[in-house]
Amino acid sequence: MKTTAQIRQAFLDFFAARQHEVVASSSLVPADDPTLLFTNAGMVQFKDVFLGAEKRSNPRAATSQKCVRAGGKHNDLDQVGYTARHHTFFEMLGNFSFGDYFKKDAILFAWSLLTEDYGLEKDRLWVTVYHTDDEAFDIWKNNIGLAEERVIRIGDKPGGATYESDNFWAMGDTGPCGPCSEIFYDHGAEYDGGLPGSEDEDGGRYVEIWNLVFMQFDRSADGTLKPLPKPCVDTGMGLERLAAVLQGVHSNYETDLFQALIKAAARLTNTTDLSNKSLNVIADHIRACAFLIADGILPSNEGRGYVLRRIIRRAIRHGFKLGQKNPFLAGMTAPLVEQMGTAYPSLVKQQAHVIATLEDEEKRFATTLDKGLGLLQNVMDKASAAKGKIAGEIAFTLYDTYGFPLDLTQDIARENNLEVDLEGFDIEMDKQRARGRTAGQFQHKDQVSADAVKSFPVTKFLGYEELSTDQAVIAGILVDGQLVGQLKAGDAAVVVLDRTPFYAESGGQVGDTGFISAGDARFEVEDTVKLGGTFFGHVGRMIAGSFEPGQQVSAQVDADRRQSIVIHHSATHLMHRALRDILGTHVEQKGSLVAPDYTRFDFSHPKQLSVEEIQKIERHVNDAIRVNPLSVSEVMSFDDALKTGAMALFGEKYGDKVRVLRFGDLSTELCGGTHVSRVGEIGQFKIVSESAIGSGVRRIMAVAGEAAVEYIQRMESQLRDVALALKVAPEATASRLKQTLERNHQLEKELSALKSSLASSGSDSLLDHAVEIKGIKVLSARMDDLDAGDLRDSVDHLKNRLGSAVVVLSSVDGEKVRIAVGVSKDLTARIKAGNLVNYVANQVGGKGGGRPDFAQAGGNRPDLVDAALASVSAWVAEQP
């Protein structure tokens, strides 16, 4: 039996032997694609190639792409672990042809791999084709030899902007599209299910294992299909499904990879029943969690981080269902790395970071769980008093915010003779799903339609060598994402040029600003962005005259601003190298922003940097600046670039040709940004702040060049002001400030002691006001202008002087009321300080609490304090 790892490698080897370039999986965070929450298919990293915006040296490629789908009608999170083939994380095997081979070769490749290399029985394979795709039908029938009844034609179904079909794939409402041919495996008559292509095939007898997409049309806005000049092939085969078939099991969770993870989950949760569905959930979710964290996602309350947090907490909840109340999920990381680390080395490199993040999130969830239980108890108390039920909105808040599964809320409610409003819960769940769909539709303010993109020439970037050009031509003008024929003064728009010196925001570097002009016509560029991941859009406003597509214009970048950006970007590379040299090679970039006035750099590191470490990093960078090596860039293949030792940065998208930037032997990285010609141009580097932004991830804010000089001068000016106030020279400021603070601290202690003494003296005068009630000495009095500490000390002093007693003191400071209650320990069985303090506090607009022998409270009705204190004796008299 082939293992999952062997099945994956056999696929890649098969296509490598047929002149396909084996391309590494891209990040789960789609680069330069604001329309996707996560990478969810193998073709995502080749999207620009299919659009014609990017060219590859080899027109054939094969990948094993890591994917995440955590939502949508085919991947509801609550189904994961309970069905045979639902997953949050999965691997998509795919082979691609970019204008090279087409249907016949794609079908022959697929049949050969499945039946010869993998050895599947031919009689168990069925296929579907698009109902009008006679070409594919004939290939399956005549070239492969399948009987006609095993080649099923699938038609269109109503829906979408035009139509949708299980056997017709499109990149969007417009653009490249084409028919599909799906390959199904027959698990046998012992399983239920209709023929391939029927609604229930996903979990029954016939299971789809491979989808061959033939992109042969370009669909226009009116639905017209025009043949593409160079048809392409995009295929996708789920590794988990294929492994189940080849290993002779029906459920993906029965395969070797999942069984290893399920057994690990069982060990960590002390579970003996390996068929428990909660183990499936944990085994699935650790894959999504670990790979998302390794690709730079951190748990949060929005966007991708929110999805990650939900997946983590769902896994923890299922551990809870198995009886594991202690943290365990981080312990799943090592078994996962053992299973998948060879295929995905980044998982090995990020193992410590993954563990630290999961451990931190498990601790956070424990705290949140306690808060949720408190909220639920409060809600149940009110519901019981009103003889009602727990509102669906509350049950959903517990589910969505605190991670309570509905069945847990129902179980606790039943124990308290309550029920949950399930209809209300479902309404809130539907609202959340609608919000999730909206959040998943990542939109960009300058997103452009596929129709517009395909009409543009690929933008030629001149900005490495030039900051201006007189030879640019307007390729298109977009207003609200739509092409227009003219741009007039006052209009806000995106102008696309055929060539430009403006750098478009990417790789952390912000976009350029400047002007586009022609005669008296002038367009102010406020930002430069990438449209469709490749075309440069100049965002701004027409301030004079008008523009039209096809017009020749001049483009001028704001040179001073660009130079400041260049300085900060180059300084960031040097800082990255310094961090790795000083802190260790575990440091990896997790995000960055390079602006004209600062640079922000996020990196993996488990603890706060010391002052000494920050100083070493600054010195390291400034020493490099003084060495002043040349900046040298080369374009080479991605593999050759990695052989030079160049670091690939997080969040960047790399094609088969990449730009390698070297600063002598000080730094070598893959980078498409703009940089200084010599390192000495940076001038000065200074770290402004260092902080944590998540478990195991730190953030440095730094300035370079003129911004660094200005920062240092501001700090020196502030130091001079402090020195002047302290009446010392600047170099003596630290010692004088230390002396002043120590003196102030001593004076505060003396003042506190004096106030405490005065309070005790003042409280002694109250002793004669104590009254005896049922053998208890009761004293209630007002001592204004005492803080909480002095009030507490006075209560303790009086309680000790009176012996067996109840003491209630109140202090009024403006509109603020303080109350302190002391009960001698021999009386706490009869009288609780917390009950008494709340009795008094409720009368003055407040509440409080504490121990049986001491409690305190606050209020906001000073006018009612005297009456509240006067009621204490009667309250004590009523106690049994």
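Note that the structure is a prediction, hence the values are computed from the model and not measured. (Residues numbered from 1 in each chain as written. Predicted model: local features only at pLDDT ≥ 70, side-chain atom pairs only at ≥ 80, totals over all residues. Heavy atoms only, no water.)

### Quick look at the overall build of the protein
Working step 1: Counting its secondary structure elements, the protein contains 24 helices and 33 strands.
Working step 2: Relative to its 880 residues, the protein shows a buried fraction of 50%.
Working step 3: In the protein, of all internal contacts separated by at least 6 residues, the share reaching a separation of at least 24 is 68%.
Working step 4: Of the roughly 39,300 Å² that the protein leaves accessible, carbon and sulfur atoms contribute 49%. (Helix = DSSP H or I, 4+ residues; strand = E, 2+ residues; numbered from the N terminus. Buried < 20%, exposed > 50% of the residue type's maximum accessible area, 1.4 Å probe, protein only. Contact = heavy atoms within 4.5 Å. Areas by Shrake-Rupley, 256 points an atom, 1.4 Å probe, with all protein chains shown as cover.)

### A look at helix H1 (residues 4-16)
Working step 1: Here H1 spans 19 Å end to end across 13 residues, near enough to the 18 Å set by a 1.5 Å rise per residue.
Working step 2: Within H1, burial applies to Thr 4, Ile 7, Arg 8, Phe 11, Leu 12, Phe 14 and Phe 15. Buried residues of H1, seen end-on, are gathered within an arc of 160 degrees and therefore sit on one face of the element. (Expected span 1.5 Å × (residues − 1). Arc of directions from axis to C-beta.)

### Notes on empty space enclosed by the protein
Working step 1: One pass over the full model with this rule turns up two cavities of 30 Å³ or more.
Working step 2: Surrounding the second largest cavity, Thr 4, Glu 91, Leu 239, Glu 240, Thr 255, Leu 257, Phe 258 and Arg 287 form its lining.
Working step 3: Residue assignment for the lining of the second largest cavity shows that the elements contributing at least two residues are helix H5 (239-246) and helix H6 (256-269).
Working step 4: For the lining of the second largest cavity, the per-class residue count stands at three nonpolar, two polar and three charged. (1 Å grid on protein atoms, 1.4 Å probe; cavity = no way out; pocket = protein on both sides within 12 Å on 5 of 7 lines; lining within 4 Å. Points joined across faces, edges and corners; volume = space filled by probe spheres on them. Nonpolar A, V, L, I, M, F, W, Y, C, P; charged D, E, K, R; others polar.)

### Some thoughts on the environment of Tyr 118
Working step 1: Of note, Tyr 118 is situated in the loop between helix H3 (103-117) and strand E4 (125-130).
Working step 2: Since its relative accessible area comes to 9%, Tyr 118 is described here as buried.
Working step 3: In this structure, the C-alpha to C-alpha distance between Tyr 118 and Phe 11, residues 107 residues apart in sequence, is 9.1 Å.
Working step 4: Once you skip the residues sitting within four places of it in the chain, Tyr 118 turns out to touch Lys 2, Ile 7, Ala 10, Phe 11, Leu 113, Leu 242 and Leu 246.
Working step 5: Here Phe 11 takes part through its backbone nitrogen, which lies 3.3 Å from a polar atom of the side chain of Tyr 118. (Polar contact = N/O pair within 3.5 Å; in protein donor to acceptor, adjacent residues only side chain to side chain.)

### Looking at the pattern of salt bridges
Working step 1: Per the stated rule, a full pass over the model turns up 29 salt bridges.
Working step 2: As a salt-bridge pair, Arg 309 and Glu 361 come within 2.7 Å of each other at their nearest N and O atoms. With Arg 309 in helix H8 (residues 303-321) and Glu 361 in helix H11 (residues 351-385), the pair connects residues that are 52 residues apart, well separated along the chain.
Working step 3: Given a relative accessible area of 12%, Arg 309 falls into the buried group.
Working step 4: Across the salt bridge formed by Lys 686 and Glu 618, the nearest N and O atoms sit 3.4 Å from each other. Taken together, the positions of Lys 686 in strand E26 (residues 685-694) and Glu 618 in helix H17 (residues 611-627) put the pair 68 residues apart, joining distant regions of the chain.
Working step 5: Each of the salt bridges in this network shares a partner with another, and the network as a whole consists of Lys 103, Asp 133 and Glu 135. (Salt bridge = Lys/Arg side-chain N within 4 Å of Asp/Glu carboxyl O.)

### Observations concerning the sheet that holds strand E28 (residues 771-773)
Working step 1: Spatial ordering of the open sheet is given by E28-E29-E30-E31-E33-E32, a layout of six strands whose pairing is mixed. Since the sheet does not close on itself, it has two edges, and those belong to E28 and strand E32 (848-850), each with one partner. Pairs of neighbouring strands in the sheet enclose a mean axial angle of 20 degrees, with direction left out of account.
Working step 2: As judged from the three bridges shared by E28 and strand E29 (residues 776-782), these two strands associate in the antiparallel manner. Following the sheet pairing, Ile 773 is matched in E29 by Ile 776.
Working step 3: This element, helix H21 (residues 788-802), spans E29, strand E30 (805-813), strand E31 (816-823) and strand E33 (854-859) of the sheet and lies at about 155 degrees to E30. (Pairing = 2+ DSSP bridges. Axes fitted to C-alpha atoms, helices over the stretch in contact; angles between N-to-C directions.)

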